[in-house]
Structure formats: structure tokens, C-alpha cells
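Observations on chain architecture
Single-letter residue listing:
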Amino acid sequence: MALTKQPNAINRGNIISRLCNCGNTKRPSKPGKCGSVEVEAPIKHPDLAIYSQQEVITNGGTPSWNSPDITTNDWGPFRLKLETNVKVRNISPTVAAINSQVHFFTSPFGIGTRKTLKLTRVVSIEAGQEIELNFPLDQQTLKEDQRVGVHILLEHPHDEELLNNFGSQVHDGSYTSESGRHFTLEIPVVNDAPVTRQIQLQIMPTDLLATISPISHSFGPNEQIIAVLTVTVPAFLSGTSGSIINRDVTVVGKLNTGELIGGVSKLLRIDN
């Protein structure tokens, strides 16, 4: 994940746990102990969370870059809202997340495009609670491409799990009455690194007919290409203006090592 301004790294000590070995006793056992070894209660921490594409992939799921926790666009036509709405949770059942940092980044539409830190907010979230935050977009951003990528990074020095701390919203949307039932979408793909890297593109499972070209490219340092996504809506998916069918196609970019570079989702409202 390339950032033009990197927030401070999380400094967190290791959580020390003691295993109970009842076969090795050196002192008389006591009530509430296992054999002779005292069992130390685990340290409890807050656990900030947002829909994380990396977490979904790690757990064997199918990610979408239409995040359920980040709302950026209105429809009819597909356009940016004046403010981006973000849902942030503390999924720890017992410990509040005091003075948590919520970092708001934007990027051009595409895979691997450079992220720019726009705003950081400090919030406190009670155990088991969810809050909503609004991040205003500047006038220059609102005037440009309406498919701006939004990325949220959550930080707390004692966070329990870091895998669910980063999530993105990078998408394009249209009605089939606007785009047609067969169309192409140009997707910028960027190697935002000073070294040569091979990036592979993959379409996530969908009942739409979709191809991406190229499926792999050897990028020079900081090279950008345009990948072309071709989508056809099959005949069995037939909607109307009063009965719209929602579908999407998601393209994911990864290195040969499996490291996630990014992704985009094409949202389609089938109304014909």
C-alpha cells in the first residue's frame, strides 16, 4: 500500500501468555490454579474494525471494493457525495478504544494508484459500539473524476487485531440503460514502487460474463497501464426500471507473492 503521507506506525508490545503445564509441579497447588502454575489472565485490548478486503481474502472469502462501511457516491447519475460517510467499529466486548485515529485517504480510480492523506480524526469508541463519521471532500476533488477511491486506516496503540484496520472503496457504477448490456471499462493499474514488479489481475466470481486484459504485466518502476474489463450481462438477468437487479464485477491486483496491490468493483444496476 503506497501512501504519499504515512501515519505513524503502531507501537505495540507482544501479549505474553503462560501455558499451563500440570505435569511439572514445584509448589503445592492452590485453588483457582492449574497444578502449581498460576494462570495469568490475558490482557484485554480494544479492537478497531472496518470492512477489510485483505481480511476477507485471508479468511478465504470474496472481497468487494464496494465497501459496506464506506459510502462515497449517489446514483442517478453516479456522482460523488459532498461528504464520505464511514462506519467504524470497536468489536472488543469489554475495552473502549480511547483516542483512536481514523485516517482518511483518497486516490485516483484504479488499482495501485497513489493514496493521499486528506484528514485524520481522533475518536473514542466504547466496547462493542459503532460510530459514523463524515469526511468532507474538497471542491477540486468534487469537480474531477466521480470515481475517487477512498481508503480508511484505523490506529490505536493497543489494537487487538491489525488485519481489520484498513479498508477501501474504489468503484464505478452505472445502469444498463446507460452503459448497455455489453460494455468495456478502462482501469488504470499502477506499480507505485521504484522497482520492477509483476502484477496479476483476477476477476472475482460473478454470474456476469467478464474478462480482463491483460491478466498479467511486468511493470517497470512507477509504470502505469490501462487494463480493459469487458462485461456482458447474460440474457437470464433481465430487469426493469421498477425491478432493478444489482450485480457487480470485482477485479483484484496481486503480486506474484500474493501480496494485495488493490482492486476495483464495477457496480451494475440492470434495469432493462
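Definitions and limits used
Residues numbered from 1 in each chain as written. Predicted model: local features only at pLDDT ≥ 70, side-chain atom pairs only at ≥ 80, totals over all residues. Heavy atoms only, no water. Salt bridge = Lys/Arg side-chain N within 4 Å of Asp/Glu carboxyl O. Helix = DSSP H or I, 4+ residues; strand = E, 2+ residues; numbered from the N terminus. Buried < 20%, exposed > 50% of the residue type's maximum accessible area, 1.4 Å probe, protein only. Core = buried A, V, L, I, M, F, W, Y, C linked by side-chain atoms within 4.5 Å. Contact = heavy atoms within 4.5 Å. Pairing = 2+ DSSP bridges. pLDDT = per-residue confidence, 0-100. Phe/Tyr/Trp six-rings, centres within 6.5 Å; stacked < 30°, edge-to-face > 60°. Lys NZ or Arg CZ within 6 Å of the ring centre and 35° of its normal. Axes fitted to C-alpha atoms, helices over the stretch in contact; angles between N-to-C directions. Polar contact = N/O pair within 3.5 Å; in protein donor to acceptor, adjacent residues only side chain to side chain.

What follows is about the pattern of salt bridges. Where charged atoms of side chains with opposite charge meet at close range, the side chains can pair. Following the criterion strictly, the structure yields 8 salt bridges and no others. Note that Arg89 and Asp69 form a salt bridge whose closest N and O atoms lie 2.7 Å from each other. With Arg89 in strand β3 (residues 79-90) and Asp69 in the loop between α1 (53-58) and β2 (70-74), the pair connects residues that are 20 residues apart, well separated along the chain. The class for Arg89 is partly exposed, based on a relative accessible area of 22%. A relative accessible area of 6% means that Asp69 is categorised as buried. When the shortest N-O distance is used, the salt bridge between Asp192 and Arg114 registers 2.6 Å. Highlighted residues: Asp192 in the loop between β10 (182-190) and β11 (197-203) and Arg114 in the loop between β4 (97-107) and β5 (116-125), separated in sequence by 78 residues. Three or more residues are tied together by salt bridges with common partners; here these are Asp69, Arg89 and Glu130.

With that settled, the discussion passes to the nonpolar core. Counting 30 residues, the largest nonpolar core has Ile111, Ile187, Val189, Leu201, Leu208, Leu229 and Val251 as the members making the most contacts within it. Those elements that provide at least two residues to this core are β10, β11, β14 (224-232), β15 (245-255) and β16 (260-270). If we skip the residues at most four places from it in the chain, Leu201 touches Ile111, Val189, Ile212, Pro214, Ile215, Ala227, Val251, Val252 and Gly253.

The side chains of a regular strand alternate, residue by residue, between the two faces of the sheet. In this sheet, β15 lies alongside β11 in antiparallel orientation, the contact comprising 5 bridges. Bridge pairing in β15 links Gln202 to Val252. Where β15 meets β16, 10 bridges bridge the pair, whose relative direction is antiparallel. Within β16, the position partnered with Val251 by the bridge is Val264. Adjacent in sequence and paired antiparallel, β15 and β16 are bridged by 4 residues, among which Gly258 carries a positive phi angle near 95°.

Attention shifts here to the confidence of the model for the protein. A residue-level look at the protein finds 85% of positions with pLDDT of 70 or above and a mean pLDDT of 89. This stretch, residues 4-32, has a pLDDT under 50; its non-local contacts, to residues over four places away or in other chains, come to 43 contacts.

The next point concerns the packing of aromatic side chains. A complete count under the given rule lists 3 aromatic pairs for this structure. Look at Trp75 and Tyr175: their rings are 5.6 Å apart centre to centre, the planes differ by 85°, and that puts the pair in the edge-to-face class. Of the two residues, Trp75 sits in the loop between β2 and β3 while Tyr175 sits in strand β9 (residues 171-175), which places them 100 residues apart along the sequence. A network of ring pairs unites the aromatic residues Trp75, Phe78 and Tyr175 as a single cluster. For Arg121, the ring lying beneath its charged end belongs to Phe135, and the centroid distance is 4.9 Å.

Read from one edge of the open sheet, 5 strands run β9-β16-β15-β11-β13, paired in mixed fashion. Two strands bound the open sheet, and with one partner strand each, they are β9 and β13 (216-219). For this sheet, the mean inter-axis angle between neighbouring strands, taken without regard to orientation, is 15°.

The next point concerns the environment of Leu267. Here Leu267 lies in strand β16. Overall, the relative accessible area of 9% leaves Leu267 in the buried class. Sequence spacing of Leu267 and His171 is 96 residues, and the spatial spacing of their C-alpha atoms is 7.0 Å. If we skip the residues at most four places from it in the chain, Leu267 touches Asn66, Trp75, His171, Asp172, Gly173, Ser174, Arg247 and Asp248.

On to the side chain of Thr113. Tracing the backbone through its elements, the reader meets Thr113 in the loop between β4 and β5. There is a polar contact of 3.5 Å between the side chain of Thr113 and the side chain of Ser107. Only 2.6 Å separates the side chain of Thr113 from the backbone oxygen of Pro108, close enough to count as a polar contact. Residues contacting Thr113, with those up to four places away along its chain left out, are Ser107, Pro108 and Val190.

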